[in-house]
Amino acid sequence: MAITCASIHVLCEESVSIDSDSFASWSPGWYTLIPREENRALLTDPEASSKKAKALSKTLHKTVLWFFMFDEDVLCFALYSDGKTAAAFNALSSDKNLSKIPALVGLEESYRKRLSKILTCADIELQIQLLEEFFGVKLLLYPEMLAEDPDCAVQIKNTVLFKRFEAENKVPSGKSSPLQVMLLFEQDGVLYDSDWSHKYHQQEGCLWVFQKHYWLYTCEKATGAAEKPVCFRDGQLEFISDEEMLKHGTDQRYNATRSENPLFQHVDCYDKLLFSEDAPQPYTGKTIRLPRGFYGLGFDEKKRFLVYNEKSSFAWIDENGKLMAKQHVRGDIIDHDGDYLLTWEEKWDTVEINGISILKRWYGIIRGYRLFYK
């Protein structure tokens, strides 16, 4: 049976004493809450335990670390100060002030980069161990463990495990990466994210572009070209008929079709990928945890699986979710077709109104890339 566990830790040097609660210290600078029998829910209930941690931070005027793992599959943690959330990591929703975490627990600013790398770890068991080494306190802690081995609660700040993790997970990128890209074309354009019927409301003198996941239309300001539907195919923007556009067109601003891909699906709030039985080997039928911040893109022509993030990067991952090679392109990755990528980079023009210069967003740059391996 998979484990669900919560723990609460107070950051302080002196002993903690509250009539209604018991605390113990196994790690320098930390006191861990030991729930009484009537409060056993604090060991498994995320709402009750996080509420308790927040209340303790207000009562004690100390920084309190709350940790929660659900079903050995999802983890969250937060730092509370004076009854408020100072920082939080949540694998299923938004984060808060992650860059402030080192300072909140008395670590130097240089630790921000280390924490960022830890949070990309796809192996949840290893990720917990790395966090325990980072904070210097045992996070995965429950009474049965203590009863069997009281020394298991001892934890100190260290770098041994992190250095090993960093060495084993160094991902080649840029010029050193085996994954490379070549620019095929570049032109002005506008990202258009509504359904096809809104093409009649677009700016005059624009080509209206259809492609699988987003809506684009390219601007030819000098010629004032008429609107014509276009798709991204074989690395090119190709004219198609109105009939083809109407048959296949649909608004994909939020990647809806990617969740319905016949070869893979995002599950657990896009935290994992589930590959179908039709997916190429060795991905067939597998469920893998995605590297943090990455989303599934699709298979290239070599049947390697590609992922992308919101920082204009894409990568090749193996069947265990490990990043094997990474590369950067200009603009947001908005479509993928085999060995081809389409990106869109937002641009701003300055216009003058009543003698005042104002930044006005009205166009971007569309780029097509071809990827290859060296």
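Structure shown above.
Remember, predicted model here, so these are calculated numbers, not experimental data.

Visitor: Just checking my understanding: could you explain the sheet that holds strand β17 (residues 313-317) for this structure?
Guide: In a beta sheet, neighbouring strands are held together by backbone hydrogen bonds and run either parallel or antiparallel to one another. Taken together, the four strands give an open sheet; going across it, the order is β15-β16-β17-β18, and neighbouring strands pair in antiparallel fashion. Single-partner strands in this sheet number two, and they are β15 (295-299) and β18 (323-328). When strand polarity is set aside, the average angle formed by the axes of neighbouring strands in this sheet is 30 degrees. Sheet topology places β15 next to strand β16 (residues 305-308); four bridges connect them, and they run antiparallel. Bridged to Y295 within β16 is Y308.

Visitor: Honestly, the packing of aromatic side chains in this entry has me stumped. Any pointers?
Guide: Centre-to-centre distance and the angle between the planes together describe a pair of aromatic rings. By the definition in use, this model includes 16 aromatic pairs. Ring geometry for Y283 versus F299: centroids 5.3 Å apart, planes at 75 degrees, classification edge-to-face. With Y283 in the loop between β13 (272-275) and β14 (287-289) and F299 in strand β15, this residue pair connects regions lying 16 residues apart in the sequence. Like Y283, the residue F299 is buried in the burial classification. Members of the aromatic cluster, connected to one another through ring pairs, are F77, F89, Y111, F134 and F135. The ring of W316 has R304 lying over it, and the distance from NZ or CZ to the ring centre is 4.1 Å.

Visitor: It is not clear to me how a nonpolar patch on the surface should be interpreted in this structure. Could you clarify?
Guide: Side chains of M182, L184 and F372 sit close together on the surface and give an oily, nonpolar patch of about 260 Å² of accessible area. Note on placement: F372 falls in strand β21 (residues 356-373). F372 sits in the partly exposed class, given a relative accessible area of 38%.

Visitor: Honestly, the packing of helix α3 (residues 111-118) against helix α6 (residues 160-168) in this entry has me stumped. Any pointers?
Guide: A packed helix pair is summarised by two numbers, namely the angle formed by the two axes and the spacing between the axes. One can describe the packing of α3 onto α6 by two numbers: an axis separation of 11 Å at closest approach and a directional angle of 65 degrees. Considering the relative orientation of α3 and α6, their crossing is left-handed. Only F162, F165 and E166 of α6 make contact with α3, whose side of the interface consists of R114, K117 and I118. The class makeup of the residues in the contact of α3 with α6 is three nonpolar, no polar and three charged.

Visitor: When you look at the pattern of salt bridges in this model, what are you seeing that I'm missing?
Guide: Opposite charge on two side chains permits pairing when their charged atoms draw close. Under the definition given, this model contains 12 salt bridges. Of the charged contacts, one joins K117 and E166 as a salt bridge, the two residues approaching to 2.4 Å between their closest N and O atoms. With K117 in helix α3 and E166 in helix α6, the pair connects residues that are 49 residues apart, well separated along the chain. Under the relative-accessibility criterion, E166 is labelled partly exposed at 31%. Here the salt bridges do not stand alone but share partners, grouping E186, R330, E345 and R367 into one network.

Visitor: Could you clarify how one ought to interpret the side chain of Q155 in this entry?
Guide: Structurally, Q155 is set in the loop between α5 (143-148) and α6. Not counting residues within four places of it along the chain, the set of residues in contact with Q155 comprises W26, S27, P28, E132, E133, G136, V137 and K138.

Visitor: Help me understand the packing of α3 against helix α4 (residues 124-135) in this model?
Guide: Contact geometry of α3 with α4 gives a least axis separation of 10 Å together with a crossing angle of 160 degrees. As far as their axial angle goes, α4 and α3 are roughly antiparallel. In the crossing of α3 with α4, the sense of the turn from one axis to the other is left-handed. Along the contact surface, α3 presents Y111, R114, L115 and I118, while α4 presents Q127, L130, L131, E133 and F134.

Definitions and cut-offs
Residues numbered from 1 in each chain as written. Predicted model: local features only at pLDDT ≥ 70, side-chain atom pairs only at ≥ 80, totals over all residues. Heavy atoms only, no water. Pairing = 2+ DSSP bridges. Helix = DSSP H or I, 4+ residues; strand = E, 2+ residues; numbered from the N terminus. Axes fitted to C-alpha atoms, helices over the stretch in contact; angles between N-to-C directions. Phe/Tyr/Trp six-rings, centres within 6.5 Å; stacked < 30°, edge-to-face > 60°. Buried < 20%, exposed > 50% of the residue type's maximum accessible area, 1.4 Å probe, protein only. Lys NZ or Arg CZ within 6 Å of the ring centre and 35° of its normal. Patch = residues over 30% accessible without salt bridge, like charges linked within 9 Å, V, L, I, M, F, W, Y side chains within 5 Å. Areas by Shrake-Rupley, 256 points an atom, 1.4 Å probe, with all protein chains shown as cover. Salt bridge = Lys/Arg side-chain N within 4 Å of Asp/Glu carboxyl O. Left-handed = near helix turned anticlockwise from the far one by under 90°. Contact = heavy atoms within 4.5 Å. Nonpolar A, V, L, I, M, F, W, Y, C, P; charged D, E, K, R; others polar. Parallel < 35°, antiparallel > 145°, perpendicular 65-115°, else oblique.

No statement about biological role is implied by the geometric values presented.
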